[in-house]
Amino acid sequence: MDPQSRATQPTPALRSLKSAPAEPLLTRDFDARPAAVYERLRSKYGPVAPVDLLGVPVWLVLGYAEVLEVLRNDHGLWSKRLEDWRDHREGRIPADWPLLPSYQGTYIAFQEGKAHTELREMWSKALRPFQDRTQPQALRLEKDVRQYADELISLMAEGGTSGWADLSAQYARPLMLMVCNRLIGFGTDEALMDIWRVVDAGPDAPEATLRLMAALAEVVALKRRRPGDDLPSHMLAARPDLTDEQLIGEIGLLLGLVGDIATSLICNTVVEVLTGDPGARASLAAGLVRETINRAAMIAPPSANLSFRFATADTVLGGAHIAAGDPVMPSVAAAHADPRFAAALDPSSVHSSRAHLAWGAGPHRCLGDELATTLVSIAVERLFEQMAALELALPADQLPWRSSPTIRGLRALPVRFRLGQAAERAPAPAGAASEEPATSEESTEPTASRSALSRLVRALLRQRS
């Protein structure tokens, strides 16, 4: 069915974004209990609700079937190109609207058609060595990540084999920042800290963004002169015609995926194991770590809401009249809680549903989902393998969550821990945690030392306080 024929379909509850009484989404209630906000909107409006997002009217898609329909985009009805946003095209979006810069990039997330297809091909080729386990680079990366994880656990236990730790600042975040460094090759602690400052969107984020862009420009220039066995070099090999600006934008997406989304999923998985339904603990006990992660991605997806899609023609979605150029924001978190979908899940089963939308779906589905899942699996597995006891240091309803229009993650994950006997006997890693074998005389791959990780952890703790 084409978009025009869809536009003429009758609906019992036809509404328009201009006439609908949009209510603010980012309220105190949303920050504390977004699930309750989604359910109130669902009860009031159905699977598609009009909301006000920082002064801009948006359709929030709450229903699982409706979110999946938008993401699959079978009829080419939903575009991610900024040019297809009517209010922006006609000058009604303020230039200082906080989220506007993220939609103005030329990178893959906001491309369609041939440009999008070519960038996906580049990403597929560049990521394959690192997420295809038949490739030596993927096996070396996994080995290094395990060593980083073990070293971070040993740093947590410097004061004794039991104690208190913040698993976000002392484990999950530095682990993923080291992975970013390993894949990209910054080689400086300050660049890793700037990734954290940018992701956290605090008062020093603008200055950190400028420094990070400068650091990325240096990396790109180096890889053009001396390609190595790293992600930027593989991207350039796949698309030599990419400009420096384009490549920096694409690498920025990886920093978001690994530095923020994967970090949040590690923490969300730990919380789900410690406080969630029995299925998460059963999956982990059975050695089915990926099933545990799937369950956490279902219940607490880090990418709670995805970026806008814009209707390319008038249509009807979930009883709402979507005019050409209207923005819709698919809510993964709300879709997973849709009673029509949740009723089919068995919370006590060792096996989780793999129908979650945490990595998206359709033509814009995340190409790095396999890499991210592997990284999270290693982090969760090493943590629970080495801990004889692990429990939250705060009641679950008092954990400090940070909510944004798109991300739902923990600011801190305080726990009490006790190392297992195997971890107590293991010597702490010293010197270089890992060194990737050079593939040529010009390779300059970074290494991670205990002192570098220690500095990073202490800096993160200072940033948190």
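Predicted, not measured: the structure shown is a model, and the values here were computed from it.

**Digging into the overall build of the protein chain**
Thought 1: A count of helices and strands for the protein chain gives 20 helices and 13 strands.
Thought 2: A total of 465 residues make up the protein chain; the buried ones form 55% of that total.
Thought 3: For the protein chain, the exposed surface amounts to about 19500 Å²; the carbon and sulfur share of it is 53%.

**Regarding the confidence of the model for the protein chain**
Thought 1: Taken as a whole, the protein chain shows an average pLDDT of 85; of its residues, 85% reach a score of 70 or greater.
Thought 2: Across residues 1-12 the pLDDT falls below 50, and counting only partners more than four positions away or on other chains, this stretch makes 18 contacts in the model.
Thought 3: The low-confidence segment residues 427-447 (pLDDT under 50) makes 41 contacts with residues lying over four places distant or belonging to another chain.

**Details of the layout of surface pockets**
Thought 1: Each pocket or cavity is described by its volume, and for the second largest pocket that value is around 770 Å³.
Thought 2: Around the second largest pocket, the lining is made up of 31 residues, and of these Pro-34, Ala-35, Ile-299, Trp-401 and Arg-408 lie nearest the centre.
Thought 3: For the lining of the second largest pocket, the secondary structure elements donating two or more residues are helix H2 (28-32), helix H3 (34-45), helix H13 (244-275), helix H15 (289-299), helix H16 (332-336) and strand S11 (401-403).
Thought 4: It is H3 that provides the largest number of residues to the lining of the second largest pocket, a total of five residues.

**So, empty space enclosed by the protein**
Thought 1: Taken as a whole and judged by the stated rule, the model has one cavity of 30 Å³ or more.
Thought 2: Of the voids in this model, the largest cavity is the one considered here, and its volume is about 50 Å³.
Thought 3: What lines the largest cavity is simply Phe-130, Gln-131, Arg-133, Ala-138, Leu-141, Glu-142, Glu-370, Leu-371, Thr-374 and Leu-375.
Thought 4: Elements represented by at least two residues in the lining of the largest cavity include exactly helix H7 (113-131), helix H8 (136-156) and helix H18 (369-386).
Thought 5: Per-element tally for the lining of the largest cavity: the top contributor is H18, with four residues.

**Remarks on the packing of aromatic side chains**
Thought 1: A full pass over the atoms with the stated rule returns eleven aromatic pairs.
Thought 2: Pairwise contacts between aromatic rings join Trp-85, Trp-97, Tyr-103, Tyr-107, Phe-110, Phe-308 and Phe-310 into one cluster.
Thought 3: Its guanidinium or amino end placed over the ring of Phe-110, Lys-80 lies 5.1 Å from that ring's centre, counting from NZ or CZ.

**Quick word on H15**
Thought 1: Most of H15 sits inside the fold, with nine of its eleven residues counted as buried.
Thought 2: Within H15 the residues assigned to the buried category are Val-289, Glu-291, Thr-292, Ile-293, Asn-294, Arg-295, Ala-296, Ala-297 and Met-298.
Thought 3: For H15, the elements touching its buried residues are H13, helix H14 (278-285), H16, helix H17 (339-342) and H18.

**Examining the packing of helix H11 (residues 205-225) against H13**
Thought 1: With their axes 10 Å apart at the nearest point, H11 and H13 run at an angle of 115° to one another. Crossing hand, H11 versus H13: right-handed. Across the interface between the two elements, Leu-212, Met-213, Leu-216, Ala-217, Val-220 and Arg-224 from H11 touch Asp-244, Leu-247, Ile-248, Ile-251 and Leu-255 from H13.
Thought 2: Class assignment of the residues belonging to the contact of H11 with H13 gives a composition of nine nonpolar, no polar and two charged.

**Quick word on the nonpolar core**
Thought 1: Of all hydrophobic cores here, the largest spans 86 residues; its most connected members are Tyr-171, Phe-186 and Leu-413.
Thought 2: Of all the elements, H13 adds the most residues to this core, at 15 residues.
Thought 3: In this view, Tyr-171 contacts Ala-149, Leu-152, Ile-153, Met-156, Asp-166, Ala-379, Arg-382 and Leu-383; residues no more than four positions away in its chain are not counted.
Thought 4: Counting residues in hydrophobic clusters, the runner-up holds 29 residues, among them Val-37, Leu-41, Val-58 and Phe-310.

**Some details on the side chain of Lys-80**
Thought 1: In this fold, Lys-80 is placed in the loop between strand S4 (78-79) and helix H5 (86-89).
Thought 2: The buried charged residue Lys-80 lacks any salt bridge, with Glu-112 as its nearest oppositely charged partner at 7.0 Å.
Thought 3: Polar contacts involving the side chain of Lys-80 include one to the main-chain carbonyl oxygen of Ala-109, which spans 3.1 Å.
Thought 4: Once you skip the residues sitting within four places of it in the chain, Lys-80 turns out to touch Ala-109, Phe-110, Glu-112, Ser-307, Phe-308, Arg-309, Phe-310 and His-364.

Conventions used here
- Residues numbered from 1 in each chain as written.
- Predicted model: local features only at pLDDT ≥ 70, side-chain atom pairs only at ≥ 80, totals over all residues.
- Heavy atoms only, no water.
- Helix = DSSP H or I, 4+ residues; strand = E, 2+ residues; numbered from the N terminus.
- Buried < 20%, exposed > 50% of the residue type's maximum accessible area, 1.4 Å probe, protein only.
- Areas by Shrake-Rupley, 256 points an atom, 1.4 Å probe, with all protein chains shown as cover.
- pLDDT = per-residue confidence, 0-100.
- Contact = heavy atoms within 4.5 Å.
- 1 Å grid on protein atoms, 1.4 Å probe; cavity = no way out; pocket = protein on both sides within 12 Å on 5 of 7 lines; lining within 4 Å.
- Points joined across faces, edges and corners; volume = space filled by probe spheres on them.
- Phe/Tyr/Trp six-rings, centres within 6.5 Å; stacked < 30°, edge-to-face > 60°.
- Lys NZ or Arg CZ within 6 Å of the ring centre and 35° of its normal.
- Axes fitted to C-alpha atoms, helices over the stretch in contact; angles between N-to-C directions.
- Left-handed = near helix turned anticlockwise from the far one by under 90°.
- Nonpolar A, V, L, I, M, F, W, Y, C, P; charged D, E, K, R; others polar.
- Core = buried A, V, L, I, M, F, W, Y, C linked by side-chain atoms within 4.5 Å.
- Lys, Arg positive; Asp, Glu negative; His and termini not counted.
- Salt bridge = Lys/Arg side-chain N within 4 Å of Asp/Glu carboxyl O.
- Polar contact = N/O pair within 3.5 Å; in protein donor to acceptor, adjacent residues only side chain to side chain.

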